[in-house]
Amino acid sequence: MRLLNNHSIIERPGQDELLSIRNDLMTVYREIDGAGGADEGGASAEVSAELFPLRYARATPRRFPRRRVPGSSRTVLDHAQAPLLVIPDGPGMASVLPYDVLRRSLASRGVDVLMMEHRGVGLSRLDSTGADLPMASMQVRSVLGDLLAVMDHARVQKATVYGVGYGAYLAQGLAALHPDRVHSLVLDSPLTGVDDEKAGQRALRAMYWDGEDPATATTAAVLRRLVEDGVVDGHRAGTIVLAVHEYGGPDAVRDLVDLLAMDRGQLTWNSIRQVLAQSWLESTPYVRELDLVAPIAHTELGSGHDADGDPMDTLALFGEQSRAVPGFSGEPLDMHDLSTRITAPTLVITGGRNLIYPPSTARSLAQRIPGASLLELPGTGHSVLDSHSQVAQVAARWSVAGAGHLLPERAADLAALPATPVNQVLQRGLQLAMTAERLSPWRLRFESARARREEAHADPMARRSRRVRLD
């Protein structure tokens, strides 16, 4: 899976220039091997002497928010507000470049924001000699140690931690094992264990294969027939349907399946399939790099472990990727147990149409964490941080201010906020692609010509009779 060594979109030597032109990057040197303080109870594991540069970005507000003095109408600057540590989904997602706008937006609203570039990814990919970090150094406990080292280097004793997916898994571990370092938690589309992917797989099959949801029962029936007739590959259909559902919801899936039933929509279907199969999705330097961190994703967290090859297998791609590393060896942390020990005020966020880690996973987590609040947003999918940045920023700011528990009362208002521009473009592109296939005059001409050929093949006299009439 080392896809970057020969064909990088951005050459690695450009990293030095990138570092020299940014004034928001910090470096803390970390042990390549070992947990370095991430063990329960604070006991440090034995580590090697070899170090690597771990980078993190920090955006500090030019002016701090103001707070009202109790018993007075006077306000003063609030310097006591906890910084915000944002951990994106991953483990291969970079932090520095993809979330630059997010950090600046939050800082402009008075939030002190930190984001760590994970070991093995982007600006934290190389050791001190410029070589790739060894895959053996990729461990969840080591990453937890990295987060603590970043907080220590930034002189942050306590932070509000916003984690998404895998980032939420790390946030839970940080809050449970080091409660003195976490002011409050926001867990967005949280990963809670190896069974979560399977729960998402079951939820998608229930909607689009078994037809258990009345709203999608007809779509499921048509899709089953298309698979039986060989129009679409049932084993690959799950990942495509999941992608369409994520950006367009059940209506978009229904429209695409209806097009396929009318012998159209193949261009859209195949385009999505080809995009999902492209290796550059796994290897865009400084944005998304999965090759080195594969042991975390597959060996430790079991991504793709439940791929079964049956129709609508949403884990097929993850299952193929997992073959490059040792198989699932068991989770490094029992997060279901640890979550019950979290004491920080916690807001759990889930999208109503999230079929990656479905709402049932978030609800169960919110019940396990003492005093946690649950914010369900209908009409949104996985990762509010990426799909609805305005909602994520409100959740972060309110949690920093200690008011995250009030947001579930505003669920309807938050759900009405627009999607991020990138998501809007993807949604619109999907709609346009299907509209083009539905209305394209070239498609109509092609179908008309094919119908004439079939008619002539069935009745050779048909073409001759038309010619006679024309003559």
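Residues numbered from 1 in each chain as written. Predicted model: local features only at pLDDT ≥ 70, side-chain atom pairs only at ≥ 80, totals over all residues. Heavy atoms only, no water.

### Looking at the packing of helix H2 (residues 100–108) against helix H14 (residues 389–400)
Between two packed helices, the angle of one axis relative to the other and the distance separating the axes together describe the packing.
No. 1: Where H2 contacts H14, the two axes come as close as 11 Å, and the packing angle between them is 45 degrees. One element, H2, and the other, H14, form an angle in the oblique class. Remark: the crossing between H2 and H14 carries right-handed chirality. When H2 is examined against H14, the residues Leu-102, Ser-105 and Leu-106 are found in contact with a partner set consisting of Ser-389, Gln-393 and Arg-397.
No. 2: Looking at side-chain class alone, the contact of H2 with H14 contains 2 nonpolar, 3 polar and 1 charged residues. (Axes fitted to C-alpha atoms, helices over the stretch in contact; angles between N-to-C directions. Helix = DSSP H or I, 4+ residues; strand = E, 2+ residues; numbered from the N terminus. Parallel < 35°, antiparallel > 145°, perpendicular 65-115°, else oblique. Left-handed = near helix turned anticlockwise from the far one by under 90°. Contact = heavy atoms within 4.5 Å. Nonpolar A, V, L, I, M, F, W, Y, C, P; charged D, E, K, R; others polar.)

### Examining the pattern of salt bridges
No. 1: Per the stated rule, a full pass over the model turns up 18 salt bridges.
No. 2: Residues Asp-24 and Arg-103 are paired through a salt bridge, measuring 3.8 Å at the closest nitrogen-oxygen approach. Here Arg-103 lies in helix H2 and Asp-24 lies in the loop between helix H1 (14–21) and strand E1 (25–31), a separation of 79 residues in the sequence. Each member of the pair Asp-24 and Arg-103 is classed as buried.
No. 3: With a shortest N-O distance of 3.1 Å, Arg-125 and Asp-132 are connected by a salt bridge.
No. 4: Within this structure, Asp-24, Asp-100, Arg-103 and Arg-104 form a network of salt bridges that share partners. (Salt bridge = Lys/Arg side-chain N within 4 Å of Asp/Glu carboxyl O. Buried < 20%, exposed > 50% of the residue type's maximum accessible area, 1.4 Å probe, protein only.)

### Brief notes about the packing of helix H6 (residues 217–228) against helix H7 (residues 234–261)
No. 1: Contact pair H6 / H7: the axes reach a minimum separation of 11 Å and the direction vectors enclose 125 degrees. Relative to H7, H6 is oriented oblique. The interaxial crossing formed by H6 with H7 has right-handed handedness. On H7, the residues touching Thr-219, Val-222, Leu-223, Arg-225, Leu-226 and Val-227 of H6 are Gly-234, Val-241, Val-253, Arg-254, Val-257, Leu-260 and Ala-261.
No. 2: Looking at side-chain class alone, the contact of H6 with H7 contains 9 nonpolar, 2 polar and 2 charged residues.

### Focus on the confidence of the model for the protein
No. 1: On average, residues of the protein score 86 in pLDDT, and 82% of them are at 70 or above.
No. 2: Predicted confidence for residues 1–10 stays below pLDDT 50, and this span has 28 contacts to residues more than four positions away or in other chains.
No. 3: Segment residues 41–48 is flagged for pLDDT under 50; beyond a separation of four residues in sequence, or across chains, it makes 18 contacts in the model. (pLDDT = per-residue confidence, 0-100.)

### A few points about the pairing of strand E12 (residues 373–377)
No. 1: Burial along E12 is one-sided: the residues Ser-373, Leu-375 and Leu-377 are buried and none of Leu-374 and Glu-376 is.
No. 2: With helix H12 (residues 359–368) bridging strand E11 (residues 346–351) and the parallel E12, this β-α-β connection has right-handed handedness. (Right-handed = clockwise from strand over helix to strand, strands pointing away.)

### Observations concerning the sheet that holds E12
No. 1: Spatially, the 8 strands line up as an open sheet ordered E1-E2-E6-E5-E7-E8-E11-E12, and their pairing is mixed. Two strands bound the open sheet, and with one partner strand each, they are E1 and E12. On average, each strand axis in the sheet is tilted by 20 degrees relative to the strand beside it, whichever way the strands run.
No. 2: Alignment of strand E2 (residues 51–59) against strand E6 (residues 113–116), held across 4 bridges, turns out to be antiparallel. Within the sheet, the bridge partner assigned to Arg-58 lies in E6 and is Leu-114. (Pairing = 2+ DSSP bridges.)

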